[in-house]
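Descriptive analysis of the structure
In case you want the letters, here they are:
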Amino acid sequence: MHIFLLFQVLAICAFVAAAPSSSRRHNFVLHERRASHPVTWAQTRRLEPHKVLPLRIGLTQQNAHQIEELLMSIAHPDSPTYGQHWSPERVANYFAPSKASISTVKTWLSDSGLHPDRIRISLSNSWIEVNATVAEVEDLLDAEYYVYTHLSGHEQISCESYSVPDHVHEHVELIKPTVHFVHRIPDDPALLRKRSDSGLPLSIGPKTKGVIVTGSDVLDLASCDQFTTPECLRRADLNSFGIVEFTPRAYLASDLDMFFHKYSPSQVGQRPTLVSIDGGTPQTKNQSVAYNAESDLDLEYAMVLTDSTPITLLQTGDMVEGAFFNNWLDAVDGSFCTFEGGDDLPIAGSCGIIKPPYVVSISYGADESDITEAYAQRQCNEYGKLGMMGTTVLYSSGDNGVAGLGGKCLDGNGKSGVKFNPVFPASCPFVTAVGATQINPGSTVFEPESACEQVILSGGGFSNIFTMPKYQEAAVHGYLKNYPPPYTAEQYNNSGKVCAFPDISANGANYVTAIDGQSMLSYGSSASAPVVGSIMTLINDARLTLGKGPIGFINPVIYNHPWALHDITSGSNPGCGTVGVGTPNMEALRDVFLSLP
């Protein structure tokens, strides 16, 4: 698992603000409180009052409550406006904060002693920026900032909670940096792989078990239960597509050619089209399974199985700061940027630099318990907007069953216990969460698969934040009625009113992968997500050939056409059975989408 940066303290000197004024605190209301405290971090000291924080205030977006309704009008197969995607400009204008919100927040900042010349607003009018000392911010937000030290020695800052005046509360969605607990990527590969230590945003995979595939191994259709190759996936109506990677994870060109030489000789020498986001580069300085496995797997299968479709590599983050989900959203959705250069800091050339791809696959995630509801909801809404613009966003569902990314379950306070720990963004109803299946030992590609229980356990469960979307109600209510999990509210959210995941699954076991010059077996939903991505890419190819638009947000269609998928009825993710509607039948699903306008 890999650890990411979300924001950074600007350690520059400035003046100390006046002492906090208790007279204006009587009307303050709590805005956010930290969701949980990762156990491998210790609070070590108060943050020095003269240090400067890059304060970013996310303004309340208008009409955000309509995203699901608008998305259904575009993505539901029975809608008369199916496929009529919005332009980026229309989306930005429709959800832009109101003039009242902008004015209220700017006035609050000015009245609190921050000169108007220090206050800036983003081009999208969605964020307000002010660089302020810790003393000023603590006074402004009625908060206390501390330095936290990780077992590795790395430091980050955070506060337990923050408040805003009552009249400002409705105009602000979230403020950063505050309670959102993230930190810099360690440079030690050993730390990258200590999944149980971090408790922070991590990669889903892939996993290996040390098996080296040799020339003596027979890799044909009869051995697909032991070795998953491109031929196994083609014959099983499954394909893959990879696109987002986070530095320092990167592919090796020699690994691509090694894989191509065996499975697609005509592609030797081909490379993905690189889009560098916030200094992202496919670095080659650090080479190991920890650094190369994810990118190698994604690109090897995406490029072979989609073949003639150009693959775009969204390489995100540099070697110093790393990156998080916000960074790639900046690149494809300019309205999400706080400023014209990135979500958190002004890095030139990062905001809205490319048109959103038709399919995006991301094999990374975070524990829902490690982020706040406001942060999760704002980012989830951005995925909904991408769906409105015609993009299919796929996220891996996790590899620890109903546990979190470090194999961690929760207690009532977000600490280690027995409560199921959902994965975000897979739990967001506006993305397609992809689980992992397996070809059962001794079976063939033509026989039913089961939930993956080799090396990894397919992630899934129920969100503790997001309500159940309408497109999912019939399937999930039927599941809960016919196969009620034998657990109580003490262990998971059994209200029947929250979003379930994954939505779809694909093979996630025994992937023959070229990594660091060797053929290895890889496992994980991080393999399944690009597989589903390839299917959707090939369906888009067919639609575009007929002069139709991209498929965009696919969930309403797949839940409305369960017969176009292979039902998964065996296996489990510990705690409850696998949810979702099965693995895609390429031909049947293609025919469904081709029949739509």
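Report on the accompanying structure.

Reading guide: rules and limits
Residues numbered from 1 in each chain as written. Predicted model: local features only at pLDDT ≥ 70, side-chain atom pairs only at ≥ 80, totals over all residues. Heavy atoms only, no water. Helix = DSSP H or I, 4+ residues; strand = E, 2+ residues; numbered from the N terminus. Buried < 20%, exposed > 50% of the residue type's maximum accessible area, 1.4 Å probe, protein only. Contact = heavy atoms within 4.5 Å. Areas by Shrake-Rupley, 256 points an atom, 1.4 Å probe, with all protein chains shown as cover. Phe/Tyr/Trp six-rings, centres within 6.5 Å; stacked < 30°, edge-to-face > 60°. Lys NZ or Arg CZ within 6 Å of the ring centre and 35° of its normal. Pairing = 2+ DSSP bridges. Axes fitted to C-alpha atoms, helices over the stretch in contact; angles between N-to-C directions. Salt bridge = Lys/Arg side-chain N within 4 Å of Asp/Glu carboxyl O. Disulfide = S-S within 2.5 Å. Core = buried A, V, L, I, M, F, W, Y, C linked by side-chain atoms within 4.5 Å. Expected span 1.5 Å × (residues − 1). Parallel < 35°, antiparallel > 145°, perpendicular 65-115°, else oblique. Left-handed = near helix turned anticlockwise from the far one by under 90°.

Notes on the overall build of the protein
- Within the protein, the regular secondary structure consists of 16 helices and 27 strands.
- Sorting the 597 residues of the protein into buried and exposed places 62% on the buried side.
- Taking the contacts inside the protein whose residues are at least 6 apart along the sequence as the reference set, 80% of them involve residues at least 24 apart.
- Accessible surface, the protein as shown: approximately 21,200 Å² in total, 51% of it carbon and sulfur.

Looking at the packing of aromatic side chains
- Per the stated rule, a full pass over the model turns up 17 aromatic pairs.
- Centroid distance F424 to F466: 6.1 Å. Interplanar angle 20°. Geometry classified as stacked. Of this pair, F424 sits in strand β18 (residues 423-424) while F466 sits in strand β21 (residues 461-467), and the two are 42 residues apart along the sequence.
- What links up through ring pairs into an aromatic cluster is the set F246, F325, W328, Y364, Y383 and Y395.
- The positively charged end of R46 is found above the aromatic ring belonging to Y146, 5.3 Å away from the centroid.
- Cation over ring: R378 sits above W127, and NZ or CZ is 4.4 Å from the ring centre.

A closer look at the sheet that holds strand β3 (residues 52-59)
- In spatial order, the strands read β4-β5-β3-β9; together these 4 strands make up an open sheet with antiparallel pairing. Edge positions in the open sheet fall to β4 (120-121) and β9 (172-176), since each of these has one partner strand only.
- Along the sheet, helix α12 (residues 373-388) makes contact with β3, β5 (127-133) and β9, crossing β9 at roughly 110°.

Observations regarding the pattern of salt bridges
- Taken as a whole, this structure holds 13 salt bridges when the rule is applied.
- Across the pair D257 and R271 runs a salt bridge whose closest N-O atoms are separated by 2.8 Å. Within this pair, whereas D257 is found in helix α9 (residues 253-263), its partner R271 is found in the loop between α9 and β13 (273-277), the two being separated by 14 residues in sequence.
- Residue class for R271 comes out partly exposed when judged on its relative accessible area of 32%.
- In this structure, the salt-bridge partner of E382 is K385, at a minimum N-O distance of 3.0 Å. Linking E382 with K385, this pair stays in helix α12, spanning 3 residues, or about one helical turn.

Thoughts on the state of the cysteines
- The full count for this structure, using the stated rule, is 1 disulfide.
- The disulfide that involves C380 links it to C428, with 2.0 Å between the sulfurs. In this structure the cystine formed by C380 and C428 twists about its S-S bond by roughly 80°; its chirality is therefore right-handed. Of this pair, C380 sits in helix α12 while C428 is found in the loop between β18 and β19 (432-438), placing the two residues 48 residues apart along the sequence. The two residues C380 and C428 agree in class, both being buried.

Description of the nonpolar core
- Counting residues in each nonpolar core, the largest one holds 126 residues, and the members touching the most others are W108, L141, Y145, W328, I362, Y383 and M536.
- Counting residues per element, this core draws most heavily on helix α14 (residues 525-545), at 8 residues.
- Filtering out sequence-adjacent residues up to four positions away, W328 remains in contact with V244, F246, I277, L314, T316, V360, I362, Y383, L386 and Y395.
- In this structure, V402, F420, V476 and A500 belong to the second largest nonpolar core, which totals 10 residues.

Regarding the side chain of S295
- With respect to the helices and strands, S295 occurs in helix α10 (residues 289-306).
- Judged by its relative accessible area of 1%, S295 falls in the buried class.
- For S295, the residues in contact, after removing those within four places along its chain, are E245, R249, A250 and Y251.

Here's the deal with the side chain of N381
- Secondary-structure assignment places N381 in helix α12.
- Leaving out residues up to four positions away in the same chain, N381 has contacts with A64, I67 and F430.

What about α12?
- The first and last C-alpha atoms of α12 sit 22 Å apart over 16 residues, in line with the 22 Å expected at 1.5 Å per residue.
- The buried count for α12 comes to 13 of 16 residues, which makes it a mostly enclosed element.
- Just downstream of α12, G390 is the residue with a positive phi angle, here 105°.

Details of unusual backbone geometry
- For the bond running from K176 to P177, omega is -5°, close enough to zero to count as cis.
- Non-glycine residue D142 carries a positive phi angle of around 50°.
- Residue position: D142 is located in the loop between α4 (134-141) and β6 (145-150).
- With phi around 55°, D516 is a residue other than glycine that occupies positive phi space.
- Residue classification places D516 among the partly exposed residues on the basis of a relative accessible area of 28%.

Things to note about the packing of helix α1 (residues 67-75) against α12
- At a minimum axis distance of 9 Å, the contact between α1 and α12 shows a crossing angle of 25°. Compared by their axis directions, α1 and α12 come out roughly parallel. The handedness of the crossing between α1 and α12 comes out as left-handed. Contact residues: I67, L70, L71 and I74 in α1; N381, G384, G387 and M388 in α12.

Let's talk about the sheet that holds strand β2 (residues 41-46)
- Spatial ordering of the open sheet is given by β2-β6-β7, a layout of 3 strands whose pairing is antiparallel. At either end of the open sheet lies a strand with only one pairing partner, and these are β2 and β7 (155-159). Strand-to-strand, the axes of this sheet are offset by a mean angle of 40°, without reference to chain direction.
- One ladder, built from 5 bridges, connects β6 with β7; its direction is antiparallel. Note that in β7 the partner of Y146 across the bridge is S158.

Concerning α4
- Along α4, 8 of the 8 residues are buried, which leaves the element largely enclosed by surrounding structure.
- Taken together, the buried positions of α4 are occupied by V134, A135, E136, V137, E138, D139, L140 and L141.
- Taken from the residues just after α4, D142 is the one with a positive phi, measuring 50°.

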